[in-house]
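Structural features, examined
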There are 2 protein chains.
Amino acid sequence: MNATILTVGTELLFGQIVNTNAAYLSSRLQLLGIDVLYHVTVGDNPHRLAAVLKRLLSETDLIVTTGGLGPTQDDLTKEIIAEVIGVGLEPDESVLSSIEGFFRKSGHEMTANNRKQALIPAGATVFRNEVGTAPGFAAERDGKTVIALPGPPREMKHLFEKEVSPYLQRRTNNVIRHRILRFYGIGESALESKLIPLIDGQTDPTVATYAKEGECSLRIASKRKTEEEALAAIDAMESRIKALVGEFLYSDEDKDLPIVAAEKLMARNLTLASAESCTGGLFADRLISVPGISKSFDRGYITYANGAKTQMLGVPEDVLASFGAVSEETAVAMAEGARKRAGTDVAISVTGVAGPDGGSDGKPVGLAWICVCDARGSRTKRIVTRDRGRNRNRYIFVLEMMNQLNRFLDREMM
Amino acid sequence: MNATILTVGTELLFGQIVNTNAAYLSSRLQLLGIDVLYHVTVGDNPHRLAAVLKRLLSETDLIVTTGGLGPTQDDLTKEIIAEVIGVGLEPDESVLSSIEGFFRKSGHEMTANNRKQALIPAGATVFRNEVGTAPGFAAERDGKTVIALPGPPREMKHLFEKEVSPYLQRRTNNVIRHRILRFYGIGESALESKLIPLIDGQTDPTVATYAKEGECSLRIASKRKTEEEALAAIDAMESRIKALVGEFLYSDEDKDLPIVAAEKLMARNLTLASAESCTGGLFADRLISVPGISKSFDRGYITYANGAKTQMLGVPEDVLASFGAVSEETAVAMAEGARKRAGTDVAISVTGVAGPDGGSDGKPVGLAWICVCDARGSRTKRIVTRDRGRNRNRYIFVLEMMNQLNRFLDREMM
């Protein structure tokens, strides 16, 4: 089966919003084994929309539209689909009562326009929208299918996961499951080449790698007759992958590094203090983004100036003078100072050269020293990024801090 | 003139990357007075690419392509364009020497494939690429124009601003200039309704508003015969806008709030310390993202736990006991403690309830107190966000901190 994603909305053609729906739907359809041949965007113009839809019906098996299902005059996607496939619009009673329920709950007044949203092309399969008012639907003609979804990404994704994905799987008589593994410390191409025996010639499960800033991930997907078979195939593949590159794996639940670190701290009732120089609070910010972290995160020191390192953390002036602010010795003194002053179980520090200025021969822009310590000892790490700008350097330093913290806690747990 | 944006790349159809190029080019073409009718994405498939290009040449005046100009086998955009408009490919000597220069500078080895990048459709206008190897070009047939640009956004934008925009302006005999004003403290719809007399019925300059998370911006654009006329028209419009909503304007150079705050501090040689609770370092992080800020930013205190507020900043225990951690009194004690301990000219503090837990009747999730102080006094601000989640609350708190800091510094400058 092949498909086109047709996004509708003048705001896309004005460049006011970026079309994230097309990327999301593409990756989801690919997982279902459906080839996406085109993305097309048209404005809220009935003639062009009708012409494009007619042509696409002759070119691809499946057309997934987003946008233009709202209550206003501009919203014409439903009307045009009905016209092109040659059916009328009919009110769907269950959608109407669900729209009424939505307005009761939200406390807003329901207008006559909103009733328009309960109209559905005759014979279409309705996808009820529990997180908004516009329902989605699937309409068919001559073996071709048009699926219409609302434009707001949250509603579109909710409907796709809950309704459209099962609808498409029923039509193919298959169950598709997938799992995302996250890796740190190995590049995408290195990961791919280590896994070549598992990727090449593999039809099910399939394994695909994706690069992300400073890390990478891998998707295992399996299409089988039952959920049990699909999950068993994924489990078996995950074991084979772990045997090859398990040392770099940090999550098999698609969790970010800060979430993994926060959960390890919280699960073990450990308290943490941070001492940051060049990252300037970004480490603490990312950790504190995890709800419930107040149980573990006690405080952070942002010791940007040298005087701050001495006064706030007790870094000896002669350490700064002998080794410099960006050195292993200063990183250790920062972490130990933070742990002692805060009275926490664990502390982590970073000191580096974020750039664009401040680099030197021995200490280039992109160099940082990281230290994690507890009462029993410390672990230090030197990192040099490929310098691609101040804020990317700072971002990479923080990823490495999260990684060092995770590895330190893993060691402690043994 | 109307246009289609044609993005080429299988990675887009797999959903591996989001198509930001289409949004960027749309907003830029709209500024030039060119109507964008369609976005189309095709994969690296020569037959489909040729068919789409032929059809689009019959439907729109201008086609702007991105992607498929690289050195590999997959990169076919240039070859297909030449085929469709019926010309051959010819090497461009100046492009060849610029590619050779790029490889010399980067230290990488130049392969035979890279020579392919110097081939250009016969008769095309070449756009030399100073930030990458693939040049862009404009080719014409029967009054229609095809502009081809490389896919990486940085290269594409550089070529568009430097070469394509002037090329298109020359063809329309107009000069287009625009200016972006940034506002904080007023919503998009309130901004729009205050400016209705300036927006409605205005043909040049045009004024358009855009919403951004927690703030909004406005674009003034003018299309005239000369740059002087366009800039004079924009200046006059900016004065009229300032007369109506000047109190909310914080930048007429499209600068972010943290950049404006950092520049004010640096220009006046003021030093700053921060004391953050719920925002957990995000304020310091955003300020430190500005290069050169080490001159002004001395240190930050992330006092997440109550004990940290007392030990690190000297917030009296009875203030915490009587008024609570989230209170005006605690915010003032935090800022004053930070300023005294750090010895800086200015200090800023925040204490609030980010959520999802921790809210109460008098202190709901989304409430924060902010304080800015110097030796002469302090300014406090209470803010309650529309609670849309922990990290959005934290983001909005930091925007308000930047706004309070800017207003405090403005007052000091009078």
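Residues numbered from 1 in each chain as written. Chains lettered and ligands numbered in written order. Predicted model: local features only at pLDDT ≥ 70, side-chain atom pairs only at ≥ 80, totals over all residues. Heavy atoms only, no water.

1. Some points on the relation of the copies chain B and chain A
Relative to chain A, chain B is turned by 179° and slid 0.4 Å along the rotation axis, the superposed coordinates differing by an RMSD of 0.5 Å. Overall, the copies show the geometry of a two-fold rotation axis. Scanning chain B for the C-alpha nearest the rotation axis identifies Gly281 of chain B, at a separation of 2.0 Å. When the interface residues of chain B are mapped onto chain A, 100% of them again fall at the interface, so both copies present the same face. (Least-squares fit on C-alpha atoms with pLDDT ≥ 70 in both. Contact = heavy atoms within 4.5 Å.)

2. What about the side chain of Glu215 of chain B?
Residue and element names in this part refer to chain B. Along the polypeptide, Glu215 turns up in strand E11 (residues 215–224). On the basis of relative accessible area, Glu215 is assigned to the buried category, the value being 6%. Only 2.3 Å separates the side chain of Glu215 from the side chain of Tyr250, close enough to count as a polar contact. When neighbours within four sequence positions are excluded, Glu215 is seen to be in contact with Arg182, Phe183, Tyr184, Tyr250 and Leu399. (Helix = DSSP H or I, 4+ residues; strand = E, 2+ residues; numbered from the N terminus. Buried < 20%, exposed > 50% of the residue type's maximum accessible area, 1.4 Å probe, protein only. Polar contact = N/O pair within 3.5 Å; in protein donor to acceptor, adjacent residues only side chain to side chain.)

3. What to know about the packing of aromatic side chains
What the rule picks out here adds up to six aromatic pairs over all chains. Ring centres 5.5 Å apart and planes at 75° place the aromatic pair Phe127 of chain A and Tyr167 of chain A in the edge-to-face group. Here Phe127 of chain A is found in strand E6 (residues 125–127), whereas its partner Tyr167 of chain A is found in helix H7 (residues 153–172), with 40 residues between them in sequence. Accessibility classification places Phe127 of chain A together with Tyr167 of chain A in one group, the buried group. Look at Tyr24 of chain B and Phe160 of chain B: their rings are 6.1 Å apart centre to centre, the planes differ by 85°, and that puts the pair in the edge-to-face class. (Phe/Tyr/Trp six-rings, centres within 6.5 Å; stacked < 30°, edge-to-face > 60°.)

4. With respect to the pattern of salt bridges
Residues and elements named next belong to chain A. This model, assessed by the stated rule, comprises 44 salt bridges over all chains. In this structure, Glu238 engages Lys242 in a salt bridge whose closest nitrogen and oxygen atoms are separated by 3.3 Å. Taken together, the positions of Glu238 and Lys242, both in helix H10 (residues 227–245) and four residues apart, correspond to about one turn of that helix. Using a relative accessible area of 5% as the deciding quantity, one classes Glu238 as buried. (Salt bridge = Lys/Arg side-chain N within 4 Å of Asp/Glu carboxyl O.)

5. Re the nonpolar core
By size, the foremost hydrophobic cluster in this structure holds 76 residues, and its most contacted members are Leu287 and Leu405 of chain A together with Leu287 and Leu405 of chain B. Once you skip the residues sitting within four places of it in the chain, Leu287 of chain A turns out to touch Pro258, Ala261, Ala262, Leu265, Leu272, Ile293, Phe297 and Met402 of chain A. Among the nonpolar cores identified, the runner-up in size contains 50 residues, and Ile80, Ile81 and Val146 of chain A together with Leu56 of chain B belong to it. (Core = buried A, V, L, I, M, F, W, Y, C linked by side-chain atoms within 4.5 Å.)

6. Overview of the domain arrangement of chain A
Residue and element names in this part refer to chain A. As far as domains go, chain A holds domain 1 (2–169), domain 2 (175–251) and domain 3 (257–413). Centre-to-centre, using C-alpha coordinates, domain 2 lies 31 Å away from domain 3. Facing the eight residues of domain 2 at the interface are nine residues of domain 3. Both sides of the domain 2 and domain 3 interface together cover about 770 Å² of buried area, and 54% of this is carbon and sulfur. Considering only the surface of domain 2 that becomes buried against domain 3, Tyr184, Glu213 and Tyr250 emerge as the three largest contributors, covering 73% of it. Linking domain 2 to domain 3 there are one salt bridge. (Domains from an automatic or database assignment. Buried area = accessible area lost by both parts, 1.4 Å probe.)

7. Description of the side chain of Thr77 of chain A
Residue and element names in this part refer to chain A. Its place among the elements puts Thr77 in helix H4 (residues 77–85). You can call Thr77 buried: its relative accessible area is 2%. Discounting chain neighbours no more than four positions away, the residues touching Thr77 are Val8, Leu49, Thr65, Gly67, Gly68 and Leu69.

8. Thoughts on the confidence of the model for chain A
In the predicted model, chain A carries a mean pLDDT of 92, and the fraction of residues at 70 or more is 99%. Interface confidence for the predicted complex, expressed as ipTM, amounts to 0.81; the pTM equals 0.83. (pLDDT = per-residue confidence, 0-100.)

9. Describing the sheet that holds strand E11 (residues 215–224) of chain A
All names here are of chain A. The strand order E10-E11-E9-E12 describes an open sheet built from four strands, whose pairing is antiparallel. Both edges of this open sheet fall to strand E10 (206–212) and strand E12 (249–251), since each of them pairs with a single strand only. For this sheet, the mean angle separating the axes of adjacent strands, direction not counted, is 35°. In this sheet, E12 lies alongside strand E9 (residues 175–183) in antiparallel orientation, the contact comprising two bridges. When the sheet's bridge partners are listed, Arg182 is paired in E12 with Ser251. (Pairing = 2+ DSSP bridges. Axes fitted to C-alpha atoms, helices over the stretch in contact; angles between N-to-C directions.)

10. A closer look at H10 of chain A
Its 19 residues place the ends of H10 of chain A 26 Å apart at the C-alpha level, agreeing with the 27 Å of an ideal helix rising 1.5 Å per residue. Each element contacted by the buried residues of H10 of chain A is listed here: E9, helix H8 (188–194), helix H9 (196–199), E10, E11 and E12 of chain A. (Expected span 1.5 Å × (residues − 1).)

11. Section: the environment of Phe297 of chain B
When you line up the elements, Phe297 of chain B lands in strand E14 (residues 297–303). On the basis of relative accessible area, Phe297 of chain B is assigned to the buried category, the value being 1%. Distance in space between the C-alpha atoms of Phe297 of chain B and Lys255 of chain B is 19 Å, their sequence separation being 42 residues. When residues no more than four places from it in sequence are discounted, the contact partners of Phe297 of chain B are Ile302 and Tyr304 of chain A together with Leu272, Ser274, Ala284, Leu287 and Ile288 of chain B.

12. A few points about the interface of chain B and chain A
At the interface, 56 residues of chain B touch 57 residues of chain A. Taken together, the links from chain B to chain A amount to two salt bridges. Asp285 of chain A is the salt-bridge partner of Arg394 of chain B, the closest N and O atoms lying 2.8 Å from each other. Across the contact surface, chain B and chain A share 20 residue pairs in polar contact (both at pLDDT 80 or more). Elements with a contribution of two residues or more to the side of chain B that touches chain A: helix H1 (10–13), helix H2 (20–31), strand E2 (35–42), helix H3 (46–59), helix H12 (282–288), E14, helix H13 (306–313) and helix H16 (390–413) of chain B. The residue inventory of the side of chain B that touches chain A, partitioned by class, reads 28 nonpolar, 19 polar and nine charged. Note: strand E14 (residues 297–303) of chain A against E14 of chain B, five bridges, orientation antiparallel. Opposite Tyr301 of chain A, over in E14 of chain B, you have Tyr301 of chain B as the bridge partner. (Nonpolar A, V, L, I, M, F, W, Y, C, P; charged D, E, K, R; others polar.)

13. Observations regarding the packing of H2 of chain B against helix H7 (residues 153–172) of chain B
Each pair of packed helices can be summarised by the angle the axes make with each other and by the distance between the axes. All names here are of chain B. The N-to-C vectors of H2 and H7 enclose an angle of 20°; their axes lie 11 Å apart at closest approach. As far as their axial angle goes, H7 and H2 are roughly parallel. As H2 packs across H7, the resulting crossing turns out to be right-handed. Where H2 approaches H7, its residues Thr20, Asn21, Tyr24, Leu25, Arg28 and Leu29 are matched on the opposing element by Pro153, Met156, Lys157, Phe160, Glu161 and Leu168. Among the residues making up the contact of H2 with H7, the classes are represented as seven nonpolar, two polar and three charged. (Parallel < 35°, antiparallel > 145°, perpendicular 65-115°, else oblique. Left-handed = near helix turned anticlockwise from the far one by under 90°.)

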